[in-house]
Amino acid sequence: MAVSVSFATTLDTPEHVRIAEDLGFHRAWLYDTPQQSPDVWMMLAAAAGRTTRIGLGPGVLVPTLRHPMVNATATAALESMAPGRVAVAFGTGYTGCKAMGQPPVSWSYLSAYVTTYRALLRGESVEWEGGWLKMLHPPENLPRTALASIPVYIAAIGPKGTRIAQTLGDGLFAVQDAPPAATNFPHVIFGTTGTVVDDGESMTSDRVRAAAGPGVVQAYHATYELIGEAAVHGVPGGPEWLAEINQAPEHLRHLTIHNGHLMTMNAADDIGWNAGGSALLTHTTMTGTATEVRRRADELADRGVNELSFQPMGDIRRELEAFAEALKL
């Protein structure tokens, strides 16, 4: 199983990608979260200039954020800068849409978008929203490698999403858990958070909280957004988290929920963590000793995961080094 790294994109991410390459990580996926991050394509280009081997890609792109020609052109530019190292993933936009007060993209829209995007990479003329498109770039502005060979993965949870991913892309980008259908895909990427705990270190230490806490509190964010407010009451610390969230006006509540998403813990997250959410640490993230982390990775490989992508938080260098050491990269 390949071991990659994911980043909640910041201006420091290109340097963190360089460190990841030095440590032996397979690929670096950068989040497309414009409400809290610099442009993902700009940071990928900067990372390409600092590296020579590690794979690079946006994980994941949200169709409504850019015209398909814009993403196709950005893909071509990145492939020119990092030949043979580019992969792309698309999703319906859990954070990229919800954090801006919009519903996720429908699966039918995502399917049409990705089909159009891939046709553009093949050099075809294709219709989009009533107009015909084709990449008209002169040869010097296109990579020497074949754009059509760039892998495209689809982020999906649930049976409908995984069914569509089987026909739309080159593999599945999964989060939360490896789906039962993972073995039906030629390539399955599983994104996770967590931290490698030092011998004798407390699970409630400030370091563990900073490194894994923002991943743990996704239990609140995802439950609220994907299932509903009532379901949050069943999550440890959920009622307390929800009481703080509901202090915000309804039309601004999404801003409170997603503030610091997978970077830091906001005020509501802190309340939920202290009210019992910390008990979710080993259930919702890949947190444990080096031996325990290796065992979790082996279990995922047995379930059909080909690529494990770890997102570091807190002290990024320390987290990358510890994870690389634990998995013997």
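Below: a short report on this structure. A quick note: this is a predicted structure, and the numbers were derived from the prediction, not measured.

**Focus on the overall build of the protein chain**
A tally of helices and strands in the protein chain yields 15 helices and 10 strands. The C-alpha radius of gyration of the protein chain comes to 20 Å, within 12% of the 20 Å expected for a compact globule of 329 residues. Along the longest, intermediate and shortest principal axes, the C-alpha atoms of the protein chain span 60 × 45 × 35 Å. Expressed as a percentage of its 329 residues, the buried residues of the protein chain come to 55%. When the accessible surface of the protein chain is totalled, it reaches about 13,900 Å², and 53% of it is carbon and sulfur. For the protein chain, the distance from the average site of its 23 positive side-chain charges to the average site of its 33 negative ones is 6 Å.

**With respect to the packing of aromatic side chains**
Tallied over the entire structure, the rule returns 10 aromatic pairs. Geometrically, the ring pair formed by Phe 90 and Tyr 117 is edge-to-face, given 4.9 Å between the ring centres and 70 degrees between the ring planes. Pair noted here: Phe 90 is in strand E4 (residues 88–90) and Tyr 117 is in helix H5 (residues 107–121), with a separation of 27 residues, a long-range link. Using a relative accessible area of 0% as the deciding quantity, one classes Phe 90 as buried. For Tyr 117, a relative accessible area of 0% puts it in the buried group. With 6.4 Å between their ring centres and 35 degrees between their planes, Tyr 109 and Tyr 113 make a pair best called tilted. In this pair, Tyr 109 and Tyr 113 are both assigned in helix H5, four residues apart and thus about one turn of the helix distant. The exposure class of Tyr 109 is partly exposed, given its relative accessible area of 28%. Among the aromatic residues, ring-to-ring pairing joins Phe 90, Tyr 109, Tyr 113, Tyr 117 and Trp 128 into one connected group.

**Looking at the pattern of salt bridges**
With the rule as written, the count across this model stands at 16 salt bridges. Of the charged contacts in the structure, one is a salt bridge between Arg 50 and Glu 15, with a shortest N-O distance of 2.8 Å. You can see Arg 50 sitting in helix H2 (residues 40–50) and its partner Glu 15 sitting in helix H1 (residues 13–23), a full 35 residues away along the chain. Take Arg 50: its relative accessible area is 45%, and that puts it in the partly exposed class. A cluster of three or more residues bridged by salt bridges with shared partners is formed by Asp 198, Glu 201, Arg 207, Arg 318 and Glu 319.

**A word on the pairing of strand E7 (residues 152–155)**
Side-chain positions along a regular strand alternate between the two faces of the sheet. Every second residue of E7 is oriented toward a common face, with Val 152 and Ile 154 on one face and Tyr 153 and Ala 155 on the other, all of them buried. With three bridges joining them, E4 and E7 adopt parallel strand pairing. Counted as the bridge partner of Ala 89 is Tyr 153 from E7. In this structure, E7 lies alongside strand E8 (residues 171–175), joined through three bridges in parallel fashion. Looking at E8, one finds that Tyr 153 is bridged to Gly 171. Viewed along the sheet, the connection from E7 through helix H6 (residues 158–168) into E8 turns out right-handed.

**Focus on the environment of Phe 25**
With respect to the helices, strands and loops of the structure, Phe 25 is situated in the loop between H1 and strand E2 (27–30). Take Phe 25: its relative accessible area is 0%, and that puts it in the buried class. Beyond its immediate stretch of four places on either side in the chain, Phe 25 contacts Val 3, Ser 4, Val 5, Ala 20, Arg 53, Ile 54, Leu 320, Phe 323, Ala 324 and Leu 329.

**Quick notes on H1**
The complete set of buried residues in H1 reads Thr 13, Pro 14, His 16, Val 17, Ile 19, Ala 20 and Glu 21. The secondary structure elements touched by the buried residues of H1 are strand E1 (2–7), E2, H2, strand E3 (55–58) and helix H15 (316–326).

**Section: the sheet that holds strand E10 (residues 307–310)**
Within a sheet, adjacent strands bond to each other through the backbone by hydrogen bonds, running parallel or antiparallel. On the basis of which strands lie adjacent, the open sheet formed by eight strands has the order E3-E2-E1-E10-E9-E8-E7-E4 and parallel pairing. Sheet topology places E3 and E4 at the edges, where each strand pairs with a single neighbour. Strand-to-strand twist across the sheet, computed as the mean angle between neighbouring axes with direction ignored, equals 25 degrees. In terms of strand pairing, E8 meets strand E9 (residues 188–192) through four bridges, oriented parallel. Paired with Ala 174 across the bridge in E9 is Phe 190. Relative to the sheet, H1 contacts E1, E2 and E3, its axis offset from that of E1 by approximately 165 degrees. In this fold H2 packs onto E2, E3 and E4, with an angle of close to 170 degrees to the strand it touches most, E3.

The rules we used
- Residues numbered from 1 in each chain as written.
- Predicted model: local features only at pLDDT ≥ 70, side-chain atom pairs only at ≥ 80, totals over all residues.
- Heavy atoms only, no water.
- Helix = DSSP H or I, 4+ residues; strand = E, 2+ residues; numbered from the N terminus.
- Rg over C-alpha atoms; globule rule 2.2 N^0.38 Å.
- Buried < 20%, exposed > 50% of the residue type's maximum accessible area, 1.4 Å probe, protein only.
- Areas by Shrake-Rupley, 256 points an atom, 1.4 Å probe, with all protein chains shown as cover.
- Lys, Arg positive; Asp, Glu negative; His and termini not counted.
- Charge placed at Lys NZ, Arg CZ, Asp CG, Glu CD.
- Phe/Tyr/Trp six-rings, centres within 6.5 Å; stacked < 30°, edge-to-face > 60°.
- Salt bridge = Lys/Arg side-chain N within 4 Å of Asp/Glu carboxyl O.
- Pairing = 2+ DSSP bridges.
- Right-handed = clockwise from strand over helix to strand, strands pointing away.
- Contact = heavy atoms within 4.5 Å.
- Axes fitted to C-alpha atoms, helices over the stretch in contact; angles between N-to-C directions.

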